[in-house]
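Report on the structure
Single-letter residue listing:
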Amino acid sequence: MVLARSAPRKEEIFMLRNVLITGAGSGMGMATALLLAQSGYRVFAGVRGSTDALMTETQARGLDITPVTLDVQDTRSIRAAVARIIDEAGSVDVLVNNAGFGLLATIEDGTDEEIFQQFDVNVLGLIRMTREVLPHMREAGGGVIINISSFLGRMGLPLLAHYNASKYAVEGITDSLRLEVGPLGIRVHSVLAGLFGTNFVKKGLVANTATTSETSPYAELVAHFAPIVAKAINEGPTPEPIARAVKNIIENDDSDIAVMVGQEAEQFVPLRRSLEDKAFEARIVETFGLPSARSKVVKPE
């Protein structure tokens, strides 16, 4: 499908032309890179691994996207990528922090290595990237930073606690960073994404072997809930709405701080705001058919 070309206004091209997107090799990142390139932006697509899928799609659409080797876990890689863009384009006007993955594990089973990896990519990687571009945005007098978050940054689900926690952190970073850099002319936003049809299950979801073992005490929960998540992603809508949301944020100074995109985000985030904690938890248990909590408290005689 070829998207209709919609160029930003002249003043926006001048002020916000050069875009750096992390994790742009597939899924939401690639969809965003394609749409922004088609809309007249100069796009630098940060990719850690293969660029084949991105470049195949780029060439098929007759677009111009510059792939950049970028590993958000490696400070030297980040510095080299940003330095290259500054050298070639003169500025990084927009940073889209999209790189991330999900860990499926119970709190009991998650290993130190898995926990560190989850936060190193989803949280520390975002901080490293932002830290590197901020001096350039300050010097230029403005910029936009967009953090691709999740509706799971506002609520919890079983087996995804580590991912939940990383996205809660992204929301906290977004809220605090806005107050730090807003007076400098730099806007910061998050996109609360629902579940979209991407390669997330195949490439972006890591499962703890103890959690998924048939002998796990959580085996019944895993057998029930993991397929629900996988089905929602594998059969979900294409990620173009995320790309359009990013474009709208760039081009709208009055964008919401956190933009909800997708069915789950639009359903659960407002619900979380409107219900008390226990009522919301009960709604989640009912919606996903989860087992209710049991209590073994014995009152003293």
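Up top is the structure these notes are about.
This section reports on the structure supplied with the text. (Residues numbered from 1 in each chain as written. Predicted model: local features only at pLDDT ≥ 70, side-chain atom pairs only at ≥ 80, totals over all residues. Heavy atoms only, no water.)

Brief notes about the side chain of Ser-216
Position of Ser-216 among the secondary structure elements: in the loop between helix H8 (209–212) and helix H9 (219–234). Leave out the neighbours within four places in its chain, and Ser-216 touches Asp-109, Ala-210 and Thr-211. (Helix = DSSP H or I, 4+ residues; strand = E, 2+ residues; numbered from the N terminus. Contact = heavy atoms within 4.5 Å.)

Considering the packing of helix H5 (residues 112–140) against helix H6 (residues 161–181)
Relative orientation of the contacting elements H5 and H6 amounts to 15 degrees, with a least axis distance of 9 Å. By the angle between their directions, the pair H5 and H6 is classed as roughly parallel. For the crossing formed where H5 meets H6, the hand is right-handed. For the pair formed by H5 and H6, the contact residues are Ile-115, Gln-118, Phe-119, Asn-122, Val-123, Leu-126, Ile-127, Thr-130 and Leu-134 on the first element and His-162, Tyr-163, Ala-165, Ser-166, Lys-167, Ala-169, Val-170, Ile-173, Leu-177 and Val-181 on the second. (Axes fitted to C-alpha atoms, helices over the stretch in contact; angles between N-to-C directions. Parallel < 35°, antiparallel > 145°, perpendicular 65-115°, else oblique. Left-handed = near helix turned anticlockwise from the far one by under 90°.)

With respect to unusual backbone geometry
If a residue is not glycine, its phi is most likely negative; likewise, a peptide bond is most likely trans. The backbone of Leu-159 shows a phi angle near 75 degrees, a positive value even though the residue is not glycine. Take Leu-159: it is sitting in the loop between strand S6 (143–150) and H6.

Quick word on the packing of aromatic side chains
Considering all chains together, one arrives at 3 aromatic pairs under this definition. The interplanar angle of 75 degrees and the centroid separation of 5.7 Å between the aromatic rings of Phe-225 and Phe-288 together place this pair among those described as edge-to-face. With Phe-225 in helix H9 and Phe-288 in helix H12 (residues 277–288), the pair connects residues that are 63 residues apart, well separated along the chain. According to the relative accessible area criterion, Phe-225 is buried, its value standing at 1%. For Phe-288, a relative accessible area of 14% puts it in the buried group. Here the aromatic cluster, defined as three or more aromatic residues joined through ring pairs, consists of Phe-151, Phe-225, Phe-268 and Phe-288. (Phe/Tyr/Trp six-rings, centres within 6.5 Å; stacked < 30°, edge-to-face > 60°. Buried < 20%, exposed > 50% of the residue type's maximum accessible area, 1.4 Å probe, protein only.)

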